Amino acid sequence: VELSLAPNNPPRETFENSAFTMLVTLSNLGTTDVEEGVYTVSHEPQYVYLAQQQQQGRFIVRGKSTFNPQGEERQASLTFTTKPLGPQVQTYPATIAFNACYPYKTIAPLITCVDSDILNKRKDKACTPQPAAFPQGHGAPVVVASIEPRMLPHEDPMRIRPEFILTLQNRGSGEVTAVEHYREACAGRALGDQGWNIIQISATLSDTYLTCTPSPAKLKQAGETKVACTIPEGIDARLGTYAAPLTVELEYGYLTSITTQVNIIKALT
């Protein structure tokens, strides 16, 4: 969800003892519907008044779809009133921040190659396991940047163990939270180390669920995070080489903010 301000709402300058409006547009640029989003507004109460019922709220904004390829937009309208400046103060730059927090999902589908012939005894295979990169992402702020398939031996000589190394990145401008803590993050509560940058991971190969380690994963604030997803029990080596659908799903909370300043000017007397 991207945040933007309408032109001149709020204005760059306004007088003390006057009212102004702030219009925030929330645009869902991804593919996941946000149905339980929350927002909070931070301001300097000694200079600006905002009614308590406007300081926080909820929002719903649908993601991109076949019927709505641009994604949905919603607006939040906030009405502020400036307070009197002190006798020695001629102007004051008041800061206002709008924080939007919401649960989100990243879904990364891929047709991958499963090769049970790890000793390469067979010729004319149907496919070859190859790494896949996703420079365009998946319509979400947290992306699976790449997937590297590995075909590993199993303790049972009649089986092999497919493993997929996922590379995760936060390519958005906001911050990642544990999905169960996004509301507390928006309220400014302390989450601790286990509340920030936590990603729940699930993956399936065809109809088989993979075991991902670590899950939940601690996402690095900068750089890449590696996760290994595998089938511990392995698959039958007699299945040969074939293409199969791999789907990775990430679940997390996300916090994004927009900040602006309104210069309050002392009224002429």
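See the structure printed just above.
Engineer: Honestly, the environment of Tyr-47 in this entry has me stumped. Any pointers?
Structural biologist: You can see Tyr-47 is positioned in the loop between β4 (34-42) and β5 (48-50). The exposure class assigned to Tyr-47 is buried, which follows from its relative accessible area of 17%. For the pair formed by Tyr-47 and Thr-82, sequence separation is 35 residues and the distance between their alpha carbons is 5.9 Å.

Engineer: Help me understand the sheet that holds β5 in this model?
Structural biologist: Either a parallel or an antiparallel arrangement is found when strands of a sheet pair, and the pairing is made through backbone hydrogen bonds. Spatial strand order, β1-β3-β7-β5: four strands in an open sheet with antiparallel pairing. The sheet is open, and its two edges are formed by β1 (2-5) and β5, each paired on a single side. Going from strand to strand, the sheet's axes swing by 35 degrees on average, the running direction of each strand aside. Pairing between β1 and strand β3 (residues 19-27): four bridges, direction antiparallel. Each bridged residue has a counterpart across the sheet, and for Ser-4 the counterpart in β3 is Thr-25.

Engineer: Whenever I open this one, the state of the cysteines confuses me. Can you help?
Structural biologist: In protein chemistry, a disulfide is the covalent bond that joins the sulfur atoms of two cysteines. Evaluated as defined, the whole model comprises three disulfides. Here Cys-113 connects covalently by a disulfide to Cys-127, the sulfurs 2.1 Å from one another. Its torsion about the S-S bond being 85 degrees, the disulfide of Cys-113 and Cys-127 is classed as right-handed. Here Cys-127 lies in the loop between β8 (91-115) and β9 (132-133) and Cys-113 lies in strand β8, a separation of 14 residues in the sequence. For the residue pair Cys-113 and Cys-127, the accessibility class agrees, reading buried in each case. Two residues, Cys-212 and Cys-229, share a disulfide whose sulfurs are 2.1 Å apart. A torsion of 110 degrees about the S-S bond marks the disulfide between Cys-212 and Cys-229 as right-handed. Remark: Cys-229 occurs in strand β17 (residues 225-230) and Cys-212 occurs in strand β15 (residues 211-213); sequence separation between them is 17 residues. The pair formed by Cys-212 and Cys-229 is uniform in burial state, with each residue classed as buried.

Engineer: Just checking my understanding: could you explain the packing of aromatic side chains for this structure?
Structural biologist: Aromatic rings considered in pairs are described by the distance between their centres and by the relative angle of their planes. Scanning all chains against the criterion turns up seven aromatic pairs. Ring geometry for Tyr-47 and Tyr-92: centres 3.9 Å apart, planes at 15 degrees, overall stacked. Of the two residues, Tyr-47 sits in the loop between β4 and β5 while Tyr-92 sits in strand β8, which places them 45 residues apart along the sequence. Seen in terms of ring centroids, Phe-59 and Tyr-102 are 6.5 Å apart; in terms of plane orientation they differ by 70 degrees. Their pairing is edge-to-face. Separated by 43 residues along the polypeptide, Phe-59 in strand β6 (residues 56-61) and Tyr-102 in strand β8 bring together distant segments of the chain. Considered together, Phe-59 and Tyr-102 belong to a single accessibility category, that of buried residues. Joined through ring pairs, the aromatic side chains of Phe-59, Tyr-102, Tyr-104, Tyr-252 and Tyr-254 make up one cluster.

Rules used in this analysis
- Residues numbered from 1 in each chain as written.
- Predicted model: local features only at pLDDT ≥ 70, side-chain atom pairs only at ≥ 80, totals over all residues.
- Heavy atoms only, no water.
- Helix = DSSP H or I, 4+ residues; strand = E, 2+ residues; numbered from the N terminus.
- Buried < 20%, exposed > 50% of the residue type's maximum accessible area, 1.4 Å probe, protein only.
- Pairing = 2+ DSSP bridges.
- Axes fitted to C-alpha atoms, helices over the stretch in contact; angles between N-to-C directions.
- Disulfide = S-S within 2.5 Å.
- Phe/Tyr/Trp six-rings, centres within 6.5 Å; stacked < 30°, edge-to-face > 60°.

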